[in-house]
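# A structural walkthrough
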Amino acid sequence: MGRPTSIRMLTHDLLTRLCHARARLRTELEPPSPVARIAGDAGLSTAHFITQFAAVFGETPLQCRTRARLDLARDLLACGDQPVTQVCLALGFANMGSFSRLFRRRFGTAPRVYRKTAMPAAVPDCIGLMNAALAGQRNFGEVAVAEPGHHGRD
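Not measured: the values here are computed from a predicted model. (Residues numbered from 1 in each chain as written. Predicted model: local features only at pLDDT ≥ 70, side-chain atom pairs only at ≥ 80, totals over all residues. Heavy atoms only, no water.)

So, about the pattern of salt bridges. Tallied over the entire structure, the rule returns 6 salt bridges. Arg67 is paired through a salt bridge with Glu59; the nearest N and O atoms lie 2.5 Å apart. Its relative accessible area of 24% is what places Arg67 among the partly exposed residues. Notably, a salt bridge pairs Asp71 with Arg106, separated by 2.9 Å at the nearest N-O pair. In this pair, Asp71 is assigned in helix α4 (residues 61-79) and Arg106 in helix α6 (residues 96-107), connecting sequence segments 35 residues apart. On the accessibility criterion, Arg106 (38% relative accessible area) is partly exposed. Several salt bridges share partner residues, and in doing so they unite Arg24, Glu28 and Asp41 into one network. (Salt bridge = Lys/Arg side-chain N within 4 Å of Asp/Glu carboxyl O. Buried < 20%, exposed > 50% of the residue type's maximum accessible area, 1.4 Å probe, protein only. Helix = DSSP H or I, 4+ residues; strand = E, 2+ residues; numbered from the N terminus.)

Following this line, the structure appears as structure tokens:
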């Protein structure tokens, strides 16, 4: 007995096209390509693309894009100094109400509260490391730190 026609085998080629589409959904934030265009570029109809995408990744293309935008918003709020409203609009959210509701649902707190309580990322970026080294907080063993009053002579 053959396989039911509603179940299709996921080919390597289709998986590759879906992965490329997911990467686009995560990175093309402003202006984002319409899902129909991404589906067409993947060689699929919009409906088939959405179905296959959800089956493979466990979320729809729009949920994927929204999650990526919210993750970026979280990072900007934790490490940046842009006002919450500016972050909201820069990432393409229609208004503060919908942005706040989605952010709270994803992270368990409102964006403004998150901004006040967020700790910077555990792994500092290169600029953060350089600033810490220049401030004398760390030198990573590269530069000997002289004690005050000590001029390097023994």
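From this point, the discussion proceeds with the structure in view.
Compared with an ideal rise of 1.5 Å per residue, which puts 19 residues at 27 Å, α4 spans 27 Å between its outermost C-alpha atoms and is within 8% of the ideal. Turning to α4, its buried residues are Pro61, Cys64, Arg65, Ala68, Arg69, Leu70, Asp71, Ala73, Leu77 and Ala78. Buried residues belonging to α4 abut α1 (12-27), α2 (35-41), α3 (46-57), α5 (84-90), α6 and α7 (111-117). (Expected span 1.5 Å × (residues − 1). Contact = heavy atoms within 4.5 Å.)

Turning our eyes to something else, we now look at the packing of α1 against α4. In the contact formed by α1 and α4, the axes pass within 7 Å of each other and the chain directions differ by 45 degrees. As judged from the angle between their axes, α1 and α4 are oblique. For α1 against α4, the interelement crossing comes out right-handed. Contacts between α1 and α4 involve Arg22, Leu25 and Arg26 from the former and Pro61, Cys64, Arg65, Arg67 and Ala68 from the latter. (Axes fitted to C-alpha atoms, helices over the stretch in contact; angles between N-to-C directions. Parallel < 35°, antiparallel > 145°, perpendicular 65-115°, else oblique. Left-handed = near helix turned anticlockwise from the far one by under 90°.)

In a regular helix each residue adds 1.5 Å, so 16 residues correspond to 22 Å; α1 covers 23 Å between its end C-alpha atoms and thus fits that length. The complete set of buried residues in α1 reads Leu14, Leu18, Ala21 and Leu25. Seen along its axis, α1 keeps its buried residues to an arc of 60 degrees; they face one direction. Turned more than 90 degrees from where α1 packs its buried face, His12, His20 and Thr27 sit exposed. Residues of α1 that are buried make contact with α2, α3 and α4. (Arc of directions from axis to C-beta.)

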